[in-house]
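# Close look at the chain arrangement
Read off the chains here:
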Amino acid sequence: AQRVTQPEKLLSVFKGAPVELKCNYSYSGSPELFWYVQYSRQRLQLLLRHISRESIKGFTADLNKGETSFHLKKPFAQEEDSAMYYCALRSNDYKLSFGAGTTVTVRA
Amino acid sequence: DVKVTQSSRYLVKRTGEKVFLECVQDMDHENMFWYRQDPGLGLRLIYFSYDVKMKEKGDIPEGYSVSREKKERFSLILESASTNQTSMYLCASRGLLGGRYEQYFGPGTRLTVT
């Protein structure tokens, strides 16, 4: 069975500082990994996926199959990055398994 | 622009009541999902439907049922609400974006069972 672990419930950083959200997974097959974000009073939305290898809003995430990790990083955090972030794994065409989420607070 | 709407933002029900949560999407998506979102537990899949009248149990289906009579509408039913079903409920539909499938979420329904 697949499992997604986000070890940090809360993360607080100062504006302009780097931020890294950790995500580890367990899955026997070939996973597809995602990061979702939920800003205050907004709906959950896709931030990025590992297959696209893109940078969105300054965030990047690299899939490390050896360490079974998909950490989310941003070199210079902004106040508008304050949100709840979920790591998710897709193991078949329909279902996503989510981690417990990390609440990020960026302080001025 | 994909729209996934949920019938209520806030709902308060009493223990033992039958509760209906409605979700509607306007993009002709085949797949729809119901999750519950709890602090420290993330999102957990309750049920999903890959087509009209088709449904499959997710990870936590106990105490819930679903109905998908029309493609655009997916209903979550709590046959006899209990206090441990107090939660935020998120509906999602799945469709193509930029050549890849993506799940689109509704705004959520915060259900309180007293």
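Our subject is the structure that appears above.
Computed from a predicted structure; not experimentally measured.

## With respect to the sheet that holds strand S3 (residues 19-25) of chain B
Residues and elements named next belong to chain B.
- In space, the four strands of this open sheet follow the order S1-S3-S8-S7, with antiparallel pairing throughout. Looking at strand neighbours, the two that pair on one side only are strand S1 (4-6) and strand S7 (65-70), the edges of this open sheet. Each neighbouring strand pair of the sheet contributes to a mean axis angle of 20°, computed without reference to strand direction.

## Some remarks on the environment of leucine 46 of chain A
- Of note, leucine 46 of chain A is situated in strand S6 (residues 45-49).
- The class of leucine 46 of chain A is buried, set by a relative accessible area of 18%.
- Apart from residues lying up to four places away in sequence, leucine 46 of chain A is in contact with Phe34, Trp35 and Tyr36 of chain A together with Glu102 of chain B.

## Here we look at the state of the cysteines
Residue and element names in this part refer to chain B.
- For the structure shown, the criterion picks out two disulfides over all chains.
- There is a disulfide in this structure between cysteine 23 and cysteine 91, and the S-S distance comes to 1.8 Å. Looking along the S-S bond of the cysteine 23-cysteine 91 disulfide, the torsion reads about -75°, which is the left-handed sense. On the criterion of sequence distance, the pair formed by cysteine 23 in strand S3 and cysteine 91 in strand S9 (residues 87-97) is long-range, its members being 68 residues apart. The residues cysteine 23 and cysteine 91 share a single accessibility class, namely buried.

## So, the sheet that holds strand S3 (residues 19-21) of chain A
- Taken in spatial order, the three strands line up as S3-S8-S7 (chain A) in an open sheet, and their pairing is antiparallel. Of all the strands in the sheet, just S3 and strand S7 (60-61) of chain A have a single pairing partner and so form its edges.

## Examining the pairing of strand S4 (residues 31-38) of chain B
All names here are of chain B.
- Most of S4 is tucked away: eight of the eight residues are buried.
- Residues Asn31, Phe33, Tyr35 and Gln37 line one face of S4 and the alternating positions Met32, Trp34, Arg36 and Asp38 line the opposite face, and both faces are buried.
- In the sheet, S4 pairs with S9 via seven bridges, with the strands oriented antiparallel. The partner of tryptophan 34 across the bridge, within S9, is cysteine 91.
- Note: S4 against strand S5 (residues 42-51), seven bridges, orientation antiparallel.

## Thoughts on a positive patch on the surface
- Together, Arg41 and Arg43 of chain A together with Lys3 and Arg9 of chain B give the surface a local cluster of positive charge.
- Its location among the elements puts arginine 41 of chain A in the loop between strand S5 (32-38) and S6.

## Examining the nonpolar core
- Ranked by internal contacts, the top residues of the largest apolar core, which has 24 residues, are Leu21, Trp35, Leu47, Leu48, Phe70, Leu72 and Tyr85 of chain A.
- Element by element, the count of residues in this core is highest for strand S9 (residues 83-90) of chain A, at four residues.
- In contact with leucine 48 of chain A, other than residues within four places in its own chain, are Phe34, Trp35, Glu54, Ile56, Phe59, Thr60, Ala61, Phe70 and Leu72 of chain A.
- In terms of nonpolar packing, the next biggest core, distinct from the first, is built from 21 residues, Val4, Ile46, Tyr64 and Leu76 of chain B among them.

## Some remarks on the pattern of salt bridges
Residue and element names in this part refer to chain A.
- In total, this model carries eleven salt bridges over all chains according to the counting rule given.
- One salt bridge in this structure joins glutamate 32 and arginine 90, with 2.6 Å as the shortest N-O distance. Highlighted residues: glutamate 32 in strand S5 and arginine 90 in strand S9, separated in sequence by 58 residues. The same class applies to glutamate 32 and to arginine 90, which are both buried.
- The network of salt bridges with common partners includes Glu20, Lys22 and Lys73.

## Some thoughts on the interface of chain B and chain A
- Each side of the interface is counted separately: chain B has 22 residues, and chain A has 17 residues.
- Buried surface at the junction of chain B and chain A, summed over both partners, amounts to about 1,800 Å²; 51% is from carbon and sulfur atoms.
- Connecting chain B to chain A are one salt bridge.
- In this structure, arginine 49 of chain A and glutamate 102 of chain B form a salt bridge, with 3.6 Å as the shortest nitrogen-oxygen distance.
- Between chain B and chain A we count five residue pairs in polar contact (both at pLDDT 80 or more) in total.
- Listing elements by their share of the side of chain B that touches chain A, those giving two or more residues are S4, S5, S9 and strand S10 (100-105) of chain B.
- Across the side of chain B that touches chain A, the residue classes tally to twelve nonpolar, six polar and four charged.

What counts and how
- Residues numbered from 1 in each chain as written.
- Chains lettered and ligands numbered in written order.
- Predicted model: local features only at pLDDT ≥ 70, side-chain atom pairs only at ≥ 80, totals over all residues.
- Heavy atoms only, no water.
- Pairing = 2+ DSSP bridges.
- Helix = DSSP H or I, 4+ residues; strand = E, 2+ residues; numbered from the N terminus.
- Axes fitted to C-alpha atoms, helices over the stretch in contact; angles between N-to-C directions.
- Buried < 20%, exposed > 50% of the residue type's maximum accessible area, 1.4 Å probe, protein only.
- Contact = heavy atoms within 4.5 Å.
- Disulfide = S-S within 2.5 Å.
- Patch = residues over 30% accessible without salt bridge, like charges linked within 9 Å, V, L, I, M, F, W, Y side chains within 5 Å.
- Areas by Shrake-Rupley, 256 points an atom, 1.4 Å probe, with all protein chains shown as cover.
- Salt bridge = Lys/Arg side-chain N within 4 Å of Asp/Glu carboxyl O.
- Lys, Arg positive; Asp, Glu negative; His and termini not counted.
- Charge placed at Lys NZ, Arg CZ, Asp CG, Glu CD.
- Core = buried A, V, L, I, M, F, W, Y, C linked by side-chain atoms within 4.5 Å.
- Buried area = accessible area lost by both parts, 1.4 Å probe.
- Polar contact = N/O pair within 3.5 Å; in protein donor to acceptor, adjacent residues only side chain to side chain.
- Nonpolar A, V, L, I, M, F, W, Y, C, P; charged D, E, K, R; others polar.

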